[in-house]
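Listed below, chain by chain, are the residues.
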Amino acid sequence: MAAARLFAGLMSGTSLDGVDAVLLELGAPAGASACSGSLRVLGHVQLPMPPALRAEFAALNHSSPDELHRAQLAGIELSRLYARALEQLLRAAGVAAADLSAVGAHGQTVRHRPELGYTLQLGAPAWLAEQCGITVVADFRSRDLAAGGQGAPLVPSFHRAVFGRDGADLAVLNLGGIANLSLLYADGRVLGFDTGPGNALLDLWAQRHLGRDFDADGAWGAGGAVLPELLERLLDDAYFRLLPPKSTGRDSFDARWLECRLRGFEAARARDVQATLARMVAVSVAAELQRHMPDVGELLVCGGGAGNLDLLRHMRELLPGCELLDTRSRGLAPQQVEAAAFAWLAARTLDGLPGNLPAVTGARGPRVLGAVYPA
Ligand SMILES: Nc1ncnc2c1ncn2[C@@H]1O[C@H](COP(=O)(O)OP(=O)(O)OP(=O)(O)O)[C@@H](O)[C@H]1O
Ligand SMILES: [Mg+2]
């Protein structure tokens, strides 16, 4: 058997909460259908996004003055944060940089426009390679887009490799800023797509009314009442009705989207709006499951939203026949899954293996993803 190799994954998602850095040991070539036995997490570090950088990335989601210049500077700043996370990760694990095969660095998505053929992740991978002295794999999504795909989601192939098993349908839900589902069918088929907003709007509303980054455990929202008319208005968006392949981002589900839908509900209690937003996320996920995998018996949840107990309660209520667990039950902590996926995807790239699933993204075929910046 091939010797174990070490990879790191660096993920900063649409929630703009920070960076997750995960150290992954791959015991078999990444091409082998990895089971959890051949894949081990050796460390995990989370660094918060500095408020100024977070505000800049949020601003760069929309056109603004001098944005090319500002995008470059923000990318370099993010590479420094990535390098710091990586350094802490390696130090805590007692692993030398030279022992890593590569780092998969996702970058920060500031535009996602698959209908125009592009998506943009900032992150200055050349700077990261210089700072950490490790081969960096970045820009994972553009090749899939060039091949006619959505460039997203890319995690379903990883979800299948780690959580998939024969004999029963399984759904994996990542609750990041945007939420995405991987549907792993018993017969081997895989579907995957963004269901719509995950934490993004919940965070936005909590920041505005609680003055905190997010509604911890969903406790604030849990004390609110769902407003049926507002719920209907929130769910009245063409995205929810689209068939896959589909993907979305903060370009669509942002403060403007929410403000527009809250018109006429100015008198509503902020807490009730939070409860209604949580319900909207749960309904949008449950509707897709009922549409594409109606008999699924198990839903595995990952991403930071797995900590939102109110959101999970709504989903359990809407999916009575389905057991809802988080990925810890399958050996991977919810906040580690996305970063681990990009470590695994970096291994696929170095091994010359495709990372996308055409049935998921809609690309013309499997493609080796990413750009390599040698150590
Ligand atoms: N204890 C908690 N209670 C409620 N929400 C939580 C908790 N912990 C984390 N979160 C939510 O998770 C978010 C971060 O999740 P995560 O890092 O998975 O998302 P992300 O960065 O957008 O990733 P991606 O979009 O790539 O999936 C926070 O912004 C917050 O909304
Ligand atoms: Mg995050």
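1. Quick notes on the environment of Leu-350
In this fold, Leu-350 is placed in helix α13 (residues 337-350). You can call Leu-350 partly exposed: its relative accessible area is 36%. With 22 residues separating them in the primary sequence, Leu-350 and Val-372 have C-alpha atoms 8.1 Å apart. The residues touching Leu-350, leaving out its near neighbours within four places in the chain, are Phe-7, Ser-101, Ala-102, Thr-135, Val-137 and Val-372.

2. Considering the site of ligand 1
Near ligand 1, the surroundings consist of 22 residues, among which Ser-15, Asn-174, Gly-177, Asp-203 and Asp-217 are the closest. Interatomic distance of 3.2 Å between a backbone N/O atom of Gly-13 and an oxygen atom of ligand 1. Look at ligand 1: alone it shows 650 Å² of surface, and the protein chains cover 88% of it. In the shell around ligand 1, the residues fall into three nonpolar, 13 polar and six charged.

3. Thoughts on the pairing of strand β1 (residues 5-11)
Within β1, six of the seven residues are buried, which leaves it mostly tucked inside the rest of the structure. Bridge analysis of β1 against strand β2 (residues 18-26) gives seven bridges, and the strand direction is antiparallel. Within β2, the position partnered with Ala-8 by the bridge is Leu-23. As consecutive antiparallel partners, β1 and β2 are separated by six residues, and within that stretch Leu-16 has a phi angle of approximately 60°, a positive value.

4. Section: the sheet that holds strand β11 (residues 298-302)
Read from one edge to the other, the open sheet built from five strands follows the order β10-β9-β8-β11-β12, with strand pairing classed as mixed. Single-partner strands in this sheet number two, and they are β10 (190-197) and β12 (323-326). Each adjacent strand pair in this sheet contributes to an overall mean axis angle of 20°, direction not counted. Note: strand β8 (residues 170-175) against strand β9 (residues 178-184), six bridges, orientation antiparallel. Bridge assignment links Leu-175 to a residue of β9, and that residue is Ala-179. Against the sheet, helix α11 (residues 270-292) contacts β8, β9, β10 and β11, and its axis sits at roughly 155° relative to β10.

What counts and how
- Residues numbered from 1 in each chain as written.
- Chains lettered and ligands numbered in written order.
- Predicted model: local features only at pLDDT ≥ 70, side-chain atom pairs only at ≥ 80, totals over all residues.
- Heavy atoms only, no water.
- Helix = DSSP H or I, 4+ residues; strand = E, 2+ residues; numbered from the N terminus.
- Buried < 20%, exposed > 50% of the residue type's maximum accessible area, 1.4 Å probe, protein only.
- Contact = heavy atoms within 4.5 Å.
- Near = heavy atom within 4 Å.
- Polar contact = N/O pair within 3.5 Å; in protein donor to acceptor, adjacent residues only side chain to side chain.
- Areas by Shrake-Rupley, 256 points an atom, 1.4 Å probe, with all protein chains shown as cover.
- Nonpolar A, V, L, I, M, F, W, Y, C, P; charged D, E, K, R; others polar.
- Pairing = 2+ DSSP bridges.
- Axes fitted to C-alpha atoms, helices over the stretch in contact; angles between N-to-C directions.

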